[in-house]
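Each chain is listed here by its residues.
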Amino acid sequence: MKKRFFLTIYICLFIAALIGCSKSADLNYSDKQSDSLEKGNLTVIGFSQLGAESDWRSANTESMKETFTEENGYKLIFEDGQQKQANQIMAIRKFIQQDVDYIVLAPVTETGWDTVLKEAKDAGIPVIIIDRMVDVDDESLFTCYVGSDFELEGKKACEWLKSYCEKTFVNPSMLHIVNLQGNIGSSAQIGRTTGLRKYAYENHWDLLEEVPADFTQTKGREEMRKLLKKYDNINVVYCENDNEALGAIEALEEAGKMIGPNIRYGEVMVISFDGINEEARQCVRENKISCIAECNPLHGPRVQTIIEMLELGKTPMKHSNVSEGIYVHDLIVDKIRVDSIEYPVTILK
Ligand code: GYE
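Because the structure is a prediction, the values reported are computed rather than measured.

K.L.:
Go over the environment of Asp274, please, and point to the residues and values.
P.N.:
Turning to its location among the elements, Asp274 is positioned in strand 9 (residues 269-274). The exposure class of Asp274 is buried, given its relative accessible area of 5%. Residues Asp274 and Trp56, spaced 218 residues apart in sequence, show a C-alpha to C-alpha distance of 6.8 Å. Those residues in contact with Asp274 that sit more than four places away from it in its chain are Trp56, Arg192, Asn241, Asp242, Ile292, Ala293, Glu294, Cys295 and Tyr327.

K.L.:
Let's hear about the sheet that holds strand 12 (residues 326-328): which residues, and what values?
P.N.:
Backbone hydrogen bonds hold the strands of a sheet together, and the pairing may be parallel or antiparallel. The seven strands are arranged 7-6-8-9-10-12-15 in an open sheet whose pairing can be described as mixed. The open sheet terminates on both sides in strands that have one partner only, identified here as strand 7 (206-212) and strand 15 (345-347). Between one strand axis and the next, the sheet turns by 20 degrees as a mean value, whatever way the strands run. Inspection of the sheet shows strand 6 (residues 176-181) paired to strand 7 by six bridges, in the parallel sense. Following the sheet pairing, Ile177 is matched in strand 7 by Leu207.

K.L.:
With reference to specific residues and values, describe the site of the ligand.
P.N.:
The immediate surroundings of the ligand are formed by 13 residues, with Glu53, Ser54, Asp131, Arg132 and Asp274 found nearest. Side-chain polar atom of Arg57 to an oxygen atom of the ligand: 3.1 Å apart, as the coordinates give it. Between the ligand and Arg192 there is a distance of 2.9 Å, counted from an oxygen atom to a side-chain nitrogen or oxygen. Burial of the ligand by the protein amounts to 100% of the accessible area it has alone, namely 300 Å². Going through the elements one at a time, helix 2 (55-67) and helix 6 (187-203) are the ones with two or more residues in the shell around the ligand. Taken together, the residues that form the shell around the ligand break down as five nonpolar, two polar and six charged.

K.L.:
Could you give an account of the packing of helix 8 (residues 242-254) against helix 9 (residues 278-285), naming the residues involved and the relevant values?
P.N.:
Put simply, helix 8 and helix 9 touch, their axes get as near as 9 Å, and they point 60 degrees apart. Accordingly, the angle class assigned to the pair helix 8 and helix 9 is oblique. You can see that helix 8 and helix 9 cross each other, and the crossing is left-handed. In this structure, helix 8 uses Asp242, Leu246 and Ile249 to contact helix 9, whose residues at the interface are Glu279, Ala280 and Cys283. For the contact of helix 8 with helix 9, a count of residues per class yields four nonpolar, no polar and two charged.

K.L.:
Run through the environment of Asn287, naming residues and quoting values.
P.N.:
Tracing the backbone through its elements, the reader meets Asn287 in the loop between helix 9 and strand 10 (291-294). Ignoring any residue separated from it by four or fewer positions in sequence, one finds Asn287 in contact with Ile259, Gly260, Pro261 and His329.

K.L.:
Which residues make up the sheet that holds strand 2 (residues 74-80), and what values go with them?
P.N.:
Taking strand neighbours across the sheet as the criterion, the six strands line up as 2-1-3-4-5-11 in an open arrangement whose pairing is parallel. Single-partner strands in this sheet number two, and they are strand 2 and strand 11 (319-321). Across the sheet, the axes of successive neighbouring strands diverge by a mean angle of 20 degrees, strand direction being ignored. When strand 5 (residues 144-147) meets strand 11, the two strands line up parallel, connected through three bridges. Note on strand 11: the bridge partner recorded for Tyr145 is His319. Strand contacts of helix 10 (residues 300-311): strand 1 (43-49), strand 2, strand 3 (102-105), strand 4 (127-131) and strand 5, with the helix running at about 160 degrees to strand 4, the strand carrying the most contacts.

K.L.:
Run through a negative patch on the surface, naming residues and quoting values.
P.N.:
A cluster of acidic residues, Asp135, Asp137, Asp138 and Glu139, forms a negative patch on the protein surface. Tracing the chain through its elements places Asp137 in the loop between strand 4 and strand 5.

K.L.:
I'd like to hear about the pattern of salt bridges, residue by residue, with values.
P.N.:
If you walk through the whole model with that rule in mind, you get 24 salt bridges. Salt-bridge contacts for Arg221 lead to Glu250; the nearest nitrogen and oxygen are separated by 2.6 Å. Within this pair, whereas Arg221 is found in helix 7 (residues 217-230), its partner Glu250 is found in helix 8, the two being separated by 29 residues in sequence. Judged by its relative accessible area of 29%, Glu250 falls in the partly exposed class. When salt bridges that share partners are traced, they join Glu53, Arg57, Asp131 and Arg132 into one network.

K.L.:
Explain helix 6 to me, and be specific about the residues and the numbers.
P.N.:
Helix length check: helix 6 (17 residues) gives 24 Å between terminal C-alpha atoms against 24 Å at 1.5 Å per residue, within 8%. Among all positions of helix 6, only Ser187, Ala188, Gln189, Gly191, Arg192, Thr193, Gly195, Leu196, Tyr199, Ala200 and Asn203 are buried. Residues of helix 6 that are buried make contact with helix 5 (150-167), strand 6, strand 7, strand 8 (236-239), strand 9 and strand 13 (336-338). Positioned one or two residues after helix 6, His204 has a phi angle of 60 degrees, which is positive.

Scoring rules and cut-offs
Residues numbered from 1 in each chain as written. Predicted model: local features only at pLDDT ≥ 70, side-chain atom pairs only at ≥ 80, totals over all residues. Heavy atoms only, no water. Helix = DSSP H or I, 4+ residues; strand = E, 2+ residues; numbered from the N terminus. Buried < 20%, exposed > 50% of the residue type's maximum accessible area, 1.4 Å probe, protein only. Contact = heavy atoms within 4.5 Å. Pairing = 2+ DSSP bridges. Axes fitted to C-alpha atoms, helices over the stretch in contact; angles between N-to-C directions. Near = heavy atom within 4 Å. Polar contact = N/O pair within 3.5 Å; in protein donor to acceptor, adjacent residues only side chain to side chain. Areas by Shrake-Rupley, 256 points an atom, 1.4 Å probe, with all protein chains shown as cover. Nonpolar A, V, L, I, M, F, W, Y, C, P; charged D, E, K, R; others polar. Parallel < 35°, antiparallel > 145°, perpendicular 65-115°, else oblique. Left-handed = near helix turned anticlockwise from the far one by under 90°. Patch = residues over 30% accessible without salt bridge, like charges linked within 9 Å, V, L, I, M, F, W, Y side chains within 5 Å. Salt bridge = Lys/Arg side-chain N within 4 Å of Asp/Glu carboxyl O. Lys, Arg positive; Asp, Glu negative; His and termini not counted. Charge placed at Lys NZ, Arg CZ, Asp CG, Glu CD. Expected span 1.5 Å × (residues − 1).

See the structure below:
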């Protein structure tokens, strides 16, 4: 009797365990289910954006969202990396799990992508890099890149400065420059800093200091305040984006500085990058920013063209750069040439 009783208990426990197992298996299954997507006829794109630090970035995000709509036949999964590479890597892994059709990556910095891009490649998902570049040993880890030539942008701004000084009889040795850099290690920072260093070296400009200001207005203002306390001879502020420039202008105004391109009359000249922010464009009209080297953020349609080519089995160009010019207040310098190529100079009206 006792034996039978224990046997019944054992059988009950065994059945309960079996139900438990199948339940937990069910759970895993449904987890997976929620990760995989209802694709329908849509082409699914996972976009890992690096953050939301600037007006350039907002315009870039907007361009992607406007392009990859359901009406256009796409499903866009957007992930904001909040300036952290670890978040971007996590987003890419999630896209791989979800088995998206394409991954688009705007990387916060250049290095550290080899492993996760290899995972995407092994999963057979094409990766399109936009805006900033990745520095990987094996270029087959991504399908193609579209963005700007940042060193060229830096050179254009410096070429304008050089010509402006020539036209207004400012001796190059009179220039005392500070550089508010972007996020260290990002392509935009590396290229724009390199362009300035080259010109400063070749033209004997005094490059007083380079400080990171993270492409933000707040940091631009903070760093500029510190620099103004440290140096009393700054007459050129080279800002690696417009938001930093707006912050620097606030700090200059607070310190009672005259802002403008007339270095010989004691003004402090501000040079910047992007040209998408309306406030910064207004500063050009008011001669507070002397020159903006254009950086175009509208990559959505460019990525769409690439995807359409890939869908047709064609091979897009591995690297493509956007054509850009400079924005100025007047035509004292009406032409700029870098490496014997001429770039458009536009007055902002
Ligand atoms: O210039 C800046 C930003 O990578 C080109 O990033 C981009 C830069 C842009 O936040 O405003």
